[in-house]
Each structure stands twice: as structure tokens, then as C-alpha cells.
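So you can see what is in the structure, the chains are spelled out below.
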Amino acid sequence: FKKNDDKNKESIIYYFVIENVKERISISNKRIADILNKINSNRPNIMLGKFKDYCLYKEYDSLVIKKESSEFSYTIEDLNSDIGEFVISCSGRKLERVVVSKNQFPLMIESYKGDDKVINRLFIEKKVPVSERKNWPIVKDNLGRVLLVLNIKKFYNIIDSNCNDMIEFYIRRKEEEKC
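Below you will find a few notes about this structure. Keep in mind that this is a model prediction, so the values were computed, not measured.

## Notes on the packing of aromatic side chains
- Under the counting rule described, the total for this entry stands at six aromatic pairs.
- Ring plane angle 85° and centroid distance 5.1 Å describe the contact between tyrosine 14 and tyrosine 15, whose orientation is recorded as edge-to-face.
- Tyrosine 14 gets classed as partly exposed once you look at its relative accessible area, which sits at 29%.
- Taking the centre distance of 5.3 Å and the plane angle of 80° together, the rings of tyrosine 112 and phenylalanine 123 count as edge-to-face. A residue pair is termed long-range when its members are at least 10 positions apart, and tyrosine 112 in the loop between strand S7 (107-111) and helix H3 (117-125) and phenylalanine 123 in helix H3 qualify at eleven residues.

## Brief notes about the environment of arginine 173
- Looking at where arginine 173 falls in the secondary structure, it is placed in strand S11 (residues 166-173).
- Note on arginine 173: relative accessible area 10%, which makes it buried.
- Between the C-alpha atom of arginine 173 and that of proline 137, which follows or precedes it by 36 residues, the distance is 9.0 Å.
- Arginine 173 has contacts with Phe72, Glu85, Phe86, Asn135, Trp136, Pro137 and Leu150, leaving out every residue within four places of it along the chain.
- Of note is the side chain of arginine 173, whose polar atom sits 2.3 Å from the side chain of glutamate 85.

What counts, and where the lines are drawn
Residues numbered from 1 in each chain as written. Predicted model: local features only at pLDDT ≥ 70, side-chain atom pairs only at ≥ 80, totals over all residues. Heavy atoms only, no water. Phe/Tyr/Trp six-rings, centres within 6.5 Å; stacked < 30°, edge-to-face > 60°. Buried < 20%, exposed > 50% of the residue type's maximum accessible area, 1.4 Å probe, protein only. Helix = DSSP H or I, 4+ residues; strand = E, 2+ residues; numbered from the N terminus. Contact = heavy atoms within 4.5 Å. Polar contact = N/O pair within 3.5 Å; in protein donor to acceptor, adjacent residues only side chain to side chain.

Honestly, that's just the spatial picture; any functional story needs more than this.
Shown next, in the form of C-alpha cells:
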């Protein structure tokens, strides 16, 4: 892509979008030029444009088109709760582990909303593609404190060491469930 002149790059962008978006769309030359300017920018990870239900992203050295994912929010009332696309288990990996006291329930598993500077910085450091950030699971307690950015970072929860009602469990997406 980088070896082509701007006219060829515009054609590549046009056909890339047309071929990958599953619906009829039209794209103006001005919009293609805007996308090309964003691609040529120094920003390594950026949304370039939205086409119906699809988004075009520059993710480091790749162009990616993904169907826009919907936000989610699940409440964990207890460990027997049905939590949609997630599974609670008694074992798992370190970055799936949650330790809370009973008074922190209900917990929430929700898609990241982009409103936390610490988590934004964490995504940048871990090079999480911008297209995946909006759908990344964040576990919070009943006061809205972040306990876990699933598979990336566990935030240490301050629990009284004399607390007798500590609960430990693991959360993962159902598609990641171990056989």
C-alpha cells in the first residue's frame, strides 16, 4: 500500500471498503481523501470511517473492517447468575480472577465505554486494537470501581484482611471456555 501513489491508494481504499461492507454504499472522493490523510497520520491506531454498520480502522500496520459491535452490560447478583456471553468458574487464569467480599455485589461486566484514562493508557501499552476496545469486558463492583480488565489487568481490590466473606472466582467469555 505504502509503495503506491495517492491515486492508486484511493482506489485501493475504495475497493477495500466496497468489497468488505456487505451492503450497497457510496463513498465520495472527499471521504476517501480524508481516510487517506488519516492513514498517513502518525496515529497508529484510529477509526478511519463508518459505513452503515461497519467501521474501517487503521490498526498499526493493517487496515481492518469490522461490523460494529453492540455494547453489553451484565449484572452478577451471585455466582449462579446467568451472565450472557460469560462463564463463571472456580478455576482459571490469573487475569480472569476476581476476589471480592459479599458486600461488593452486585458486580457488573460491561463493555468498555472509553471514559477511563488509566484503561485507555493500558490499552495503548498492550497495543489493543481500537476496534476491540469498545467490546472489551470490564468487571466493576457495586460502587463502579474497576476490578478487572479481562485478560489484561487485575486491579487490586482493598478488602479487609479479617473479612470472612471473601469470594474468589474466574470469569471468561464462553467461546474461551476450556474443554
